[in-house]
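Structure assessment
The primary structure of each chain is shown beneath.
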Amino acid sequence: MGRPISAMSHMDGLEMLDPISTSSMTTLTPMSETPSHMHSYGMNHVMNHHHHGGPLSGHSAPGHHPGHHGGHPGAHHPAMAAAAAAAAVAGLHPDADTDPRELEAFAERFKQRRIKLGVTQADVGKALANLKLPGVGALSQSTICRFESLTLSHNNMIALKPILQAWLEEAEAQAKNKRRDPDAPSVLPAGEKKRKRTSIAAPEKRSLEAYFAVQPRPSGEKIAAIAEKLDLKKNVVRVWFCNQRQKQKRMKFAAQH
DNA sequence: ATGCATGAGTT
DNA sequence: ACTCATGCATA
């Protein structure tokens, strides 16, 4: 069956469910599909949250958090500069702490000095708990790594910076005094359930990327259709899209600097 | 270093 | 059902 051009106002999601098929450009329609509800919070206000081992919580992060969104456009316009000044006067921070370049510079210094101290990312993560900063516990190696490589959201970077800065200062102070504490916790764990990580094969991944390019937020039904077509669990596909969106918002590429 | 996953809090 | 911060598992 063909699809009359005049009827393309409401294509079934499945009609365009083949962004990378053999045909060059027949069924490919990178246009909207208009779900029943189209709310777009592409960039909502960032209220930080925390959970299990998370030491950070946006509104309780030591050193304040920005009441901003994760990845807002830079303020390099006269009007925006004025707004920034107004904000500063209003009690909100100017934005020296939120300046992407400052964060980038700090991240680099941090990594450099951390290595100089001969400390691994994992070590830093654990050491944070010993720092006893209110509301700050340990962090994983992953997080430290992501901080150093700026692969975190803008807000996350801002929240973590003061904490890591505190650790760095303490660490360098102790290094100077050649301190050593006779502590030996060694509370080694007991075998727990291992979490499994499903691996999406390259071909499937390429398809997902193609779908993402045309529709970053597919509806539940489309996700189901994609999942079936690629023979993946619906949840795996849903999570993949979520992670892909997060990835797209990371500092590295966020149009800030 | 990075992919896939969880969970709290929102929308 | 989503975003965001974060982490386990793995390349």
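Here the structure is a predicted model, which is why all the values come from computation and not from measurement. (Residues numbered from 1 in each chain as written. Chains lettered and ligands numbered in written order. Predicted model: local features only at pLDDT ≥ 70, side-chain atom pairs only at ≥ 80, totals over all residues. Heavy atoms only, no water.)

Focus on the overall build of chain A
Here is the rule: Helical segments are the DSSP runs of H or I of at least four residues, strand segments are the runs of E of at least two, and each set is numbered from the N terminus. Only protein chains enter the accessibility calculation, which uses a 1.4 Å probe; a residue whose area is less than 20% of its type maximum is buried, one above 50% is exposed, and one in between is partly exposed. Should any heavy atoms of two residues lie within 4.5 Å, those residues are considered in contact.
Broken down by element type, chain A carries 8 helices and 0 strands. Put simply, chain A runs from its N terminus to its C terminus through helices and strands in the order α-α-α-α-α-α-α-α. Per-residue burial over chain A gives 30% buried out of 257 residues. Within chain A, contacts between residues separated by at least 24 positions form 66% of all contacts whose residues are at least 6 apart in sequence.

Digging into the nonpolar core
Stated precisely, the cut-off is as follows: Here, the term nonpolar core denotes a set of buried Ala, Val, Leu, Ile, Met, Phe, Trp, Tyr and Cys residues that are joined through side-chain atoms within 4.5 Å.
Phe-110, Phe-147, Met-157, Leu-164 and Trp-167 are the most contacted members of the largest nonpolar core, which has 22 residues in total. Of all the secondary structure elements, the ones that give two or more residues to this core are helix H2 (100-116), helix H3 (121-130), helix H4 (141-148) and helix H5 (154-176). Here this core takes 8 residues from H5, the largest share from any one element. Among residues more than four places away in sequence, those in contact with Leu-164 are Phe-106, Phe-110, Val-124, Leu-128, Ile-144 and Phe-147.

Remarks on helix H7 (residues 220-230)
Within H7, the full set of buried residues consists of Lys-222, Ile-223, Ala-225, Ile-226, Ala-227 and Leu-230. In the core, the buried residues of H7 are packed alongside helix H6 (202-214) and helix H8 (234-249). After H7 finishes, the residue Asp-231 shows a positive phi value of roughly 60°.

With respect to H5
To keep it simple, the criterion reads: One less than the residue count of a helix, multiplied by 1.5 Å, gives the span that helix is expected to have. Think of it this way: the bend at a residue is just the angle between two axes, each fitted to seven residues, one set ending at that residue and the other starting at it.
A rise of 1.5 Å per residue sets the reference length of H5, with its 23 residues, at 33 Å; its end C-alpha atoms lie 33 Å apart and thus fit the reference within 8%. Of all the bends in H5, the greatest reaches close to 35° and is centred on Leu-160; the proline Pro-162 follows between one and four positions later. Those residues of H5 lying buried are His-154, Asn-155, Met-157, Ile-158, Ala-159, Leu-160, Lys-161, Ile-163, Leu-164, Trp-167, Leu-168 and Ala-171. Buried residues along H5 sit against H2, H3 and H4. Lys-178 sits one or two residues past H5 and shows a positive phi near 45°.

Here's the deal with unusual backbone geometry
Positive phi values are uncommon outside glycine, yet Lys-132 reaches one of about 55°. Here Lys-132 is to be found in the loop between H3 and H4. A relative accessible area of 67% places Lys-132 in the exposed class. A positive phi angle, near 60°, is found at Asp-231, a position not held by glycine.

As for the packing of aromatic side chains
As a reminder of what qualifies: For Phe, Tyr and Trp, where Trp contributes only its six-membered ring, two rings pair if their centres lie within 6.5 Å, and the inter-plane angle classes them as stacked under 30 degrees, edge-to-face over 60, or tilted in between.
Applying the stated criterion across every chain yields a total of 7 aromatic pairs. Between Phe-106 and Phe-147, the ring centres sit 6.0 Å apart and the planes meet at 75°, which makes this aromatic pair edge-to-face. Taken together, the residues Phe-106 in helix H2 and Phe-147 in helix H4 connect sequence positions 41 residues apart. Accessibility assignment for this pair places Phe-106 and Phe-147 in one class, buried. Between Phe-110 and Phe-147, the aromatic rings sit 6.1 Å apart at their centres with planes inclined by 80°, giving edge-to-face as the arrangement. Of the two residues, Phe-110 sits in helix H2 while Phe-147 sits in helix H4, which places them 37 residues apart along the sequence. Neither Phe-110 nor Phe-147 differs from the other in exposure class; each is buried.

Focus on the pattern of salt bridges
Condition: For salt bridges, the criterion is a side-chain nitrogen of Lys or Arg within 4 Å of an Asp or Glu carboxyl oxygen.
Tallied over the full model, the rule gives 5 salt bridges. One salt bridge in this structure joins Arg-101 and Asp-99, with 3.1 Å as the shortest N-O distance. Close ionic contact of Arg-114 with Glu-148 constitutes a salt bridge, the shortest N to O distance being 2.5 Å. Of this pair, Arg-114 sits in helix H2 while Glu-148 sits in helix H4, placing them 34 residues apart in sequence. For the pair Arg-114 and Glu-148, one class covers both residues: buried. Members of the salt-bridge network, linked through shared partners, are Glu-102, Arg-109 and Lys-161.

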